[in-house]
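One letter stands for each residue in the lines below.
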Amino acid sequence: MELEGTSNHPGPDSAAECLHNGSTDLLVAALCLVLLELRHGENTECPAEMASAFGAEPNAEDAGETEEAIYEEVVPCDRMELSQRLAVEELITTEASYVHNIQLCVSDIRAHLQKKQLPDLDLEGLFSNTDDILHVSRRFLKGLEATATQGQEQLLCISTLFQEFKEEMETVYKIYCASYDHALQLVESYRKDPKLQEEILETLNATVPHTGASDLSFFLVMPVQRVTKYPLLLGKILENTPASASAYPALQAAVRAMAQVNTNINEYKRRREVATKYNKAEHLTLRDRLARLNTHSIAKKTTRLSRLLMHEAGIVAKTEDKEYDDLEEKFQCVVSSVATLKENVASYLGHLEAFLLPTPHQRDLQMDDGPAQQYRHFAECLQYTVFPEFKHRLDRLVCQPLCSLSEMLVGPQQLVKKRLDKLLDYEEIQERKSEMGSVTYDEEAAMNTYLAINDLLVAELPQFNQVAVQLLRQILCSFSALQRDLAAQVLQQAEKELEQMPHGRMPLPSFWKVVEDTLQQSSAQLRTFCQTFETVMPSPVTQVVAGFSFTARSPQEVNLQAGQPVVVLEPHDKKGSKEWSLVEVNGQRGYVPSSYLVTIPVQEPMGWSLPV
């Protein structure tokens, strides 16, 4: 390429025109910056040497004119404006590339792996909330691209856009970043499985061969890198924006906002790491627990117990945290409600099953005709059709969700318990710090651990309580609906059998009158039968004797000899206590311990038998 005159190369006026007219020819603008650096560099070639390099004769007069034409002085504001324009373009183009890669990650890579249905592949653990990030990033990119038409207001629009998306970005990225380490652990574990790693590589080669990615970490790191780059990109734009510009304060606010987003994400990640460490329920054997005991742990537990007792005795004041106390009270209420509901549902199901256990239709009671036939059909339908179906639905819609909710509560319960332990440590260290003015590194770390656990619980317990209550409400609604369906099904089946009975079409008042008369008649017959049976069947004969010897210790008591017959006058004392009984022994009355008395049957007279 040859440089034959100034007409082929843009000067400062044309560069400024490119900027003001919104030209997309950024290559031309970049060339202007390069030429400017060459003009003002310490080792810049002279125009004559440059002309010679391109094959032109070194003429002093011509060289001077060429230098004036090509390297006309560009004012600093134009240089800043060019750099600013490049920084804005970098923000938009890199955001578009980022959204494209996330789209590939979700729609191509993950979808391809889902079709493989690999049982050992945890897609949720790998990709976390990538869908939410993609949704937010798409809308954010659309807003960035729309600022290109705003002219002089573009920078202000970009700043406003970051402020608008600040909370959404923090919400989605903090979840992703907190689970990113777990995703990397999964990737590392998959590398050790040759078969699984081969499937992953086959997916990458089939969906994104142009990236040359060797594992999923190439894509999984992108959201982490992107959210940390936003403050840098904004800072680059800010550096090339005059302090007198109207958008300068807005850009400063945007930079601070995105820096704060990253700070909040890091703090959230730290809290999650503390929570992960302490919210696991440990099932240790007695041997494991004893193995953990040492001088330090015993001293620490002793100090905590002492501190707790002083709290209860009012010797030292407990650290008050009204916000946390209210949240914990509601959480403990949820825990108690879930436990009670589990017990009640199990009891309800047990009683319902016991109700169906008596099955007279399966006994040979010679009730084959009439209403007994309809009852047999009804009871069989309840036992073999209605109840099994109800039990299956109850397990699927109530018991399983209730057990899942109960398991969800274990982690927060552990964290709440650990917070109390760390609070006791915190108070102890605070007192020591007040007395001595400083604490050790380990003590400072212990205080920070308490603060991290407390902040995490205060931040997340409200949402957790809300979700738990909603789930509990849904379980109760399902339970109520199932009972309503069961009642409707039983009633429908009963009405079906009732229609086939002799009194099925009788008016209800008349029917109940017949039932009442039948019950009274049957009751009278039963009483007559019982009276007749009692006259021919003697009552079993029993006798009370002293099971142990007893020596009276007061005038109100009486002596007993083991095996001695006793007549019980009152099975309690004057205060109604059944621990003592008033008896008569050999004509003497007095109290003896009830536990010393034994009831034994009296042998029937020889030759006696029931009358035929």
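Small disclaimer: the values here were computed from a predicted structure and weren't measured. (Residues numbered from 1 in each chain as written. Predicted model: local features only at pLDDT ≥ 70, side-chain atom pairs only at ≥ 80, totals over all residues. Heavy atoms only, no water.)

### Considerations on helix H9 (residues 194-207)
Compared with the 20 Å implied by 1.5 Å per residue over 14 residues, the 20 Å span of H9 between its first and last C-alpha is a close match. Along H9, the residues that are buried comprise Leu-196, Gln-197, Ile-200, Thr-203, Leu-204 and Thr-207. Along H9, the residues classed as buried sweep out an arc of 120 degrees about the axis, all on the same side. In this structure, H9 carries Pro-194, Lys-195, Glu-198 and Asn-205 as exposed residues pointing more than 90 degrees from its buried face. (Helix = DSSP H or I, 4+ residues; strand = E, 2+ residues; numbered from the N terminus. Expected span 1.5 Å × (residues − 1). Buried < 20%, exposed > 50% of the residue type's maximum accessible area, 1.4 Å probe, protein only. Arc of directions from axis to C-beta.)

### Observations concerning the nonpolar core
Counting residues in each nonpolar core, the largest one holds 62 residues, and the members touching the most others are Leu-121, Leu-126, Phe-162, Tyr-173, Leu-216 and Leu-220. Put simply, the parts of the chain that give this core at least two residues each are helix H5 (76-116), helix H6 (123-127), helix H7 (130-146), helix H8 (154-191), H9, helix H10 (217-220), helix H11 (222-239) and helix H12 (248-278). Excluding anything up to four places from it in sequence, Phe-162 contacts Leu-91, Phe-140, Tyr-230, Leu-234, Ala-254 and Met-258. Within the second largest apolar cluster, 39 residues are counted, among which are Leu-327, Val-335, Ala-452 and Ile-475. (Core = buried A, V, L, I, M, F, W, Y, C linked by side-chain atoms within 4.5 Å. Contact = heavy atoms within 4.5 Å.)

### A closer look at the pairing of strand E3 (residues 580-585)
Of the strand pairs in this sheet, strand E2 (residues 565-570) and E3 are connected by three bridges, and their pairing is antiparallel. Each bridged residue has a counterpart across the sheet, and for Val-567 the counterpart in E3 is Glu-584. Hairpin remark: E3 followed by strand E4 (residues 588-593), antiparallel, with two residues in the connecting loop; positive phi at Asn-586, about 55 degrees. (Pairing = 2+ DSSP bridges.)

### Details of the side chain of Ser-179
The residue Ser-179 is located in helix H8 in this model. Engagement of the side chain of Ser-179 in a polar contact is seen with the backbone oxygen of Ile-175, the distance being 3.1 Å. Among the polar contacts made by the side chain of Ser-179, one reaches the main-chain carbonyl oxygen of Tyr-176 at a distance of 3.1 Å. (Polar contact = N/O pair within 3.5 Å; in protein donor to acceptor, adjacent residues only side chain to side chain.)

### Examining the packing of aromatic side chains
The full count for this structure, using the stated rule, is 13 aromatic pairs. Taking NZ or CZ as reference, Arg-419 lies 3.6 Å from the ring centre of Tyr-324, over its face. (Phe/Tyr/Trp six-rings, centres within 6.5 Å; stacked < 30°, edge-to-face > 60°. Lys NZ or Arg CZ within 6 Å of the ring centre and 35° of its normal.)

### Quick notes on the environment of Lys-422
Looking at the element boundaries, Lys-422 is found in helix H17 (residues 410-436). Taking C-alpha positions, Lys-422 is 8.9 Å from Arg-304, a pair spaced 118 residues apart along the chain. Excluding anything up to four places from it in sequence, Lys-422 contacts Tyr-278, Arg-304, Thr-449, Tyr-450 and Ile-453.

### Examining the packing of helix H15 (residues 322-356) against helix H18 (residues 441-498)
The N-to-C vectors of H15 and H18 enclose an angle of 25 degrees; their axes lie 9 Å apart at closest approach. By the angle between their axes, H15 is roughly parallel relative to H18. In this structure, H15 meets H18 at a crossing whose hand is left-handed. When grouped by side-chain class, the residues that make up the contact of H15 with H18 number 21 nonpolar, four polar and three charged. (Axes fitted to C-alpha atoms, helices over the stretch in contact; angles between N-to-C directions. Parallel < 35°, antiparallel > 145°, perpendicular 65-115°, else oblique. Left-handed = near helix turned anticlockwise from the far one by under 90°. Nonpolar A, V, L, I, M, F, W, Y, C, P; charged D, E, K, R; others polar.)

### A short note on a nonpolar patch on the surface
A cluster of nonpolar side chains, Leu-526, Phe-529 and Phe-533, forms an exposed patch at the surface whose accessible area comes to about 340 Å². By the secondary structure assignment, Phe-533 is in helix H19 (residues 508-536). (Patch = residues over 30% accessible without salt bridge, like charges linked within 9 Å, V, L, I, M, F, W, Y side chains within 5 Å. Areas by Shrake-Rupley, 256 points an atom, 1.4 Å probe, with all protein chains shown as cover. Salt bridge = Lys/Arg side-chain N within 4 Å of Asp/Glu carboxyl O.)

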